Amino acid sequence: MSQRLRVAIIEDNATARATIRSHLIVLGNLEVASFSTGTELKNALKKQNFELLIFDFHLGQRRNGVEWVQILRQSQFIQPSTGIVFITADRLPQTIGQIIDTHPDLLLLKPYTINALHRGVNHYLEYRKHAATALRYMDEGNTAAAITTLDKRRREKLPPRVATDLEKLRARLLLQKGDYPAALAIYERTLAQSNKVLWAQWGKLKCHYQTGDWSACHASLDDMLETLLTRDKAFEWLACLSFEQESYEKAEFFLDHIQDSDLSLPATRLKTMTYQKQNRIVESIDLLQKKREYNRSTKERFDEFTFELAEFYLSIAQESPHNHREESLSQARKLMGVAARSQSDLQVQQRHDYLLAYSYVMEDQLSKAREVINREHMNVFQRSSASTLIVAARVVNSLGDEKRALEMLELARNKSELGEMPAEQQTLQTRMLTAEKDTGLADKRAEQFNEQGQQLFVKKQYMDALAAFYRALQLTPDEPAYQLNMLQTLLVCDTDSYRAMTLQTLIAGLLAQPLSDNNQRRYAQLVQQYPHIATVTKAPDNNSSASEAG
């Protein structure tokens with residue numbers, strides 16, 4: 001007999017919970033558990049795994065189902081292979097759009113029939129049977145083997161819906177592996193059959209984003225602005241692109257199209273950053289206060305925005321002279337206490353304690369900071385958020401442990417890339433960049449990224465090499481060796497831009513400074529190999545006083 005599939009139902013209404021359970025039991029070979037809150041599920045996941053989670057979207061005065069899926073994925077409480085089903089009576093485009101963004105295996109709108117539930121779950125079970133080997137490889141972190149398995153499955157005769165679901169999984173894995181052309185081909189092939197397939201629309205956009213093709217991103221996003229299901233998320237993406245180009249007013253303009261009450265936590269964080277970049281601190285605080293009030297009846301979300309406001313006050317203190325930090329630090333500590341009050345969750349407590357330690361660091365009370373971070377739960381980071389790790393890196397670096405700070409920043413970067421939401425990745429990357437510069441670790445981090453880029457270039461993994469060189473230049477924008485590496489990779493890729501960087505601005509920046517003899521030779525070789533770049537921008541005449549590049 002095959003192993004029983006473990007299913008968890010998360011529904012705050014006891015009657016609805018019992019009804020769904022009774023409908024599932026009759027399908028046989030299912031081990032069904034039920035929970036009234038995401039917190040109950042999270043506690044259960046510390047002891048066992050579930051292969052399928054069935055969420056109601058609205059969970060009373062708690063985080064909604066989408067928020068729980070995002071949290072559980074990022075903190076690695078659920079495996080990559082875990083199936084997701086959503087059931088909701090809410091037909092608002094914003095709600096359906098949020099659900100679709102989590103890539104659910106099934107969405108049922110209430111009132112649904114028993115037959116619809118049975119058909120949907122039975123289809124998922126059939127898909128899971130065909131995908132079983134690939135899903136096992138996914139959980140083991142062996143993406144290449146999972147893709148190979150799915151490639152073999154494509155040659156078999158499969159039911160049409162199963163074949164579509166396997167192709168969707170294959171595209172997701174190709175995107176994760178960094179094989180963007182192959183993933184893009186699947187998304188474009190799907191959209192050629194129907195341009196309304198949301199998972200293919202978002203997949204295509206992510207391919208363009210990961211390859212730094214922002215012109216293609218804008219074209220896709222313009223189309224998405226016409227659809228209610230994708231409108232708010234499209235504005236978030238446009239704001240992220242503008243923010244990275246340092247067009248903060250434009251980023252604010254796009255975010256203004258989303259009602260403040262509908263802004264997600266990452267989008268709210270991004271909007272406060274746009275205000276901060278424009279020296280509009282009061283408006284940042286007002287927005288966070290407003291979001292706290294909107295969510296006062298939803299405890300977990302209220303605590304999240306409270307933590308955000310606390311971190312914002314800490315950022316104000318960081319940018320203030322030592323003798324003007326007291327008020328901001330006092331406000332931050334009060335808010336931290338409110339957010340962590342009556343919380344037994346270790347991740348919440350760890351976040352509170354690292355923020356507290358950071359506040360002590362800013363007062364030069366290093367012994368107090370050291371005492372806080374020596375607590376037992378402070379050194380377990382498997383489920384820590386990227387945001388907590390960035391603060392932790394600041395603290396341990398201030399206490400003299402540079403090596404550990406670098407490790408934390410790298411772990412934070414890896415975790416930030418797990419996020420599905422564009423605003424989340426953008427804000428975390430901005431916080432990381434700021435922390436790397438504030439702590440004096442920018443040069444070492446840039447060296448690490450440059451070395452990664454060189455290794456990837458040798459392996460001909462050019463798109464990943466571009467990403468690494470781009471990060472190095474974000475940290476040290478005037479380093480000629482990094483500029484030349486980026487330039488060479490752009491030319492090999494036959495593209496004139498990557499994200500916020502264009503060939504023209506890169507060459508202008510490179511030639512606007514003295515170059516060493518070695519770097520001049522490298523540039524001359526590139527001009528000889530790619531003559532067209534000599535006309536991109538005119539070289540200045542000051543290279544005769546060259547100094548050796550670092």
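(A) Layout of the overall build of the chain. On a plain count of helices and strands, the chain comes out with 26 helices and seven strands. In terms of overall dimensions, the chain is globule-like: its C-alpha atoms have a radius of gyration of 25 Å, near the 24 Å expected for 550 residues. Across the 550 residues of the chain, 52% fall into the buried class. Long-range contacts, defined here as pairs at least 24 residues apart, represent 63% of the contacts in the chain between residues at least 6 apart. In the structure as shown, the chain presents an accessible area of about 25,400 Å², 47% of it carried by carbon and sulfur atoms. Put simply, the chain has 68 plus and 69 minus side-chain charges, and the middle of one group is 6 Å from the middle of the other.

(B) Spatial organisation of the pattern of salt bridges. This structure, assessed with the given rule, holds 37 salt bridges. Among the ionic pairs, Glu410 bridges to Arg445, the shortest N-O distance being 2.9 Å. Linking Glu410 in helix H20 (residues 402-416) with Arg445 in helix H22 (residues 442-458), this pair joins segments that are 35 residues apart in sequence. Overall, Arg445 belongs to the buried group, its relative accessible area being 0%. Three or more residues joined by partner-sharing salt bridges are found here, namely Arg63, Arg269, Glu304, Glu308, Glu311, Arg351 and Arg431.

(C) Structural detail: the confidence of the model for the chain. Looking at the chain, the pLDDT average stands at 91 and 97% of residues meet or exceed 70. Counting contacts from residues 539-550, a segment whose pLDDT is below 50, to residues more than four positions away or on other chains yields 24 contacts.

(D) Just helix H11 (residues 228-244), in detail. For H11, with 17 residues, the first-to-last C-alpha span of 26 Å sits near the 24 Å given by 1.5 Å per residue. With 14 of its 17 residues buried, H11 lies for the most part within the structure. Just downstream of H11 lies Glu246, where phi reads positive at about 65°.

(E) Geometry of the packing of helix H23 (residues 462-475) against helix H24 (residues 480-492). Interhelical geometry of H23 versus H24 gives an angle of 150° and a closest axis separation of 9 Å. With respect to each other, H23 and H24 are oriented roughly antiparallel. Handedness of the H23/H24 crossing: left-handed. Facing H23, whose interface residues are Tyr462, Ala465, Leu466, Phe469, Tyr470, Ala472 and Leu473, H24 presents Tyr482, Gln483, Asn485, Met486, Thr489, Leu490 and Val492. Here the residues of the contact of H23 with H24 are counted per class, giving 11 nonpolar, three polar and no charged.

(F) Helix H10 (residues 214-224), seen in detail. Of all the residues in H10, the buried ones are Trp214, Ala216, Cys217, Ser220, Leu221 and Met224. Viewed along the axis of H10, the buried residues span an arc of 150°, placing them on a single side of the element. Opposite its buried face, H10 presents the exposed residues Ser215 and Asp223, each directed more than 90 degrees away. In the core, the buried residues of H10 are packed alongside helix H9 (198-210) and H11.

(G) Main features of the nonpolar core. In this structure, Tyr313, Leu314, Met336, Tyr354, Ile373, Val395 and Met408 are the most contacted members of the largest nonpolar core, which totals 49 residues. Looking at this core, the elements with two or more residues in it are helix H14 (281-294), helix H15 (299-318), helix H16 (326-340), helix H17 (346-362), helix H18 (366-373), helix H19 (386-398), H20 and helix H21 (422-438). Once you skip the residues sitting within four places of it in the chain, Tyr354 turns out to touch Ile373, Met378, Asn379, Phe381, Thr388, Val391, Ala392, Val395, Arg404 and Met408. Ile20, Val85, Val121 and Ala171 belong to the second largest nonpolar core, which has 43 residues in total.

(H) Region of interest: the packing of aromatic side chains. Here the structure, examined in full by the defined rule, presents 12 aromatic pairs. Here the aromatic rings of Tyr187 and Trp199 are separated by 6.0 Å at their centres, their planes lie at 65°, and the arrangement is edge-to-face. Here Trp199 lies in helix H9 and Tyr187 lies in helix H8 (residues 180-193), a separation of 12 residues in the sequence. By relative accessible area, Tyr187 is classed as buried at 4%. Judged by relative accessible area, Trp199 falls into the buried class, the value being 17%. One Lys or Arg, Arg63, reaches over the ring of Trp68 and ends 5.1 Å from the middle of that ring. Over the aromatic face of Tyr137 sits the side chain of Arg136, whose NZ or CZ is 5.1 Å from the ring centroid.

(I) Region of the structure containing the sheet that holds strand E1 (residues 5-10). The strand order E2-E1-E3-E4-E5 describes an open sheet built from five strands, whose pairing is parallel. Among the strands making up the open sheet, the edge pair consists of strand E2 (30-35) and strand E5 (106-109). Neighbour-to-neighbour, the strand axes of this sheet turn through a mean angle of 15°, independent of strand direction. Pairing between strand E3 (residues 52-56) and strand E4 (residues 83-88): five bridges, direction parallel. By the bridge assignment for E4, Ile54 is matched with Val85. Lying over the sheet, helix H1 (residues 14-25) contacts E1, E2, E3 and E4, oriented at roughly 175° with respect to E2.

About the cut-offs
Residues numbered from 1 in each chain as written. Predicted model: local features only at pLDDT ≥ 70, side-chain atom pairs only at ≥ 80, totals over all residues. Heavy atoms only, no water. Helix = DSSP H or I, 4+ residues; strand = E, 2+ residues; numbered from the N terminus. Rg over C-alpha atoms; globule rule 2.2 N^0.38 Å. Buried < 20%, exposed > 50% of the residue type's maximum accessible area, 1.4 Å probe, protein only. Contact = heavy atoms within 4.5 Å. Areas by Shrake-Rupley, 256 points an atom, 1.4 Å probe, with all protein chains shown as cover. Lys, Arg positive; Asp, Glu negative; His and termini not counted. Charge placed at Lys NZ, Arg CZ, Asp CG, Glu CD. Salt bridge = Lys/Arg side-chain N within 4 Å of Asp/Glu carboxyl O. pLDDT = per-residue confidence, 0-100. Expected span 1.5 Å × (residues − 1). Axes fitted to C-alpha atoms, helices over the stretch in contact; angles between N-to-C directions. Parallel < 35°, antiparallel > 145°, perpendicular 65-115°, else oblique. Left-handed = near helix turned anticlockwise from the far one by under 90°. Nonpolar A, V, L, I, M, F, W, Y, C, P; charged D, E, K, R; others polar. Arc of directions from axis to C-beta. Core = buried A, V, L, I, M, F, W, Y, C linked by side-chain atoms within 4.5 Å. Phe/Tyr/Trp six-rings, centres within 6.5 Å; stacked < 30°, edge-to-face > 60°. Lys NZ or Arg CZ within 6 Å of the ring centre and 35° of its normal. Pairing = 2+ DSSP bridges.

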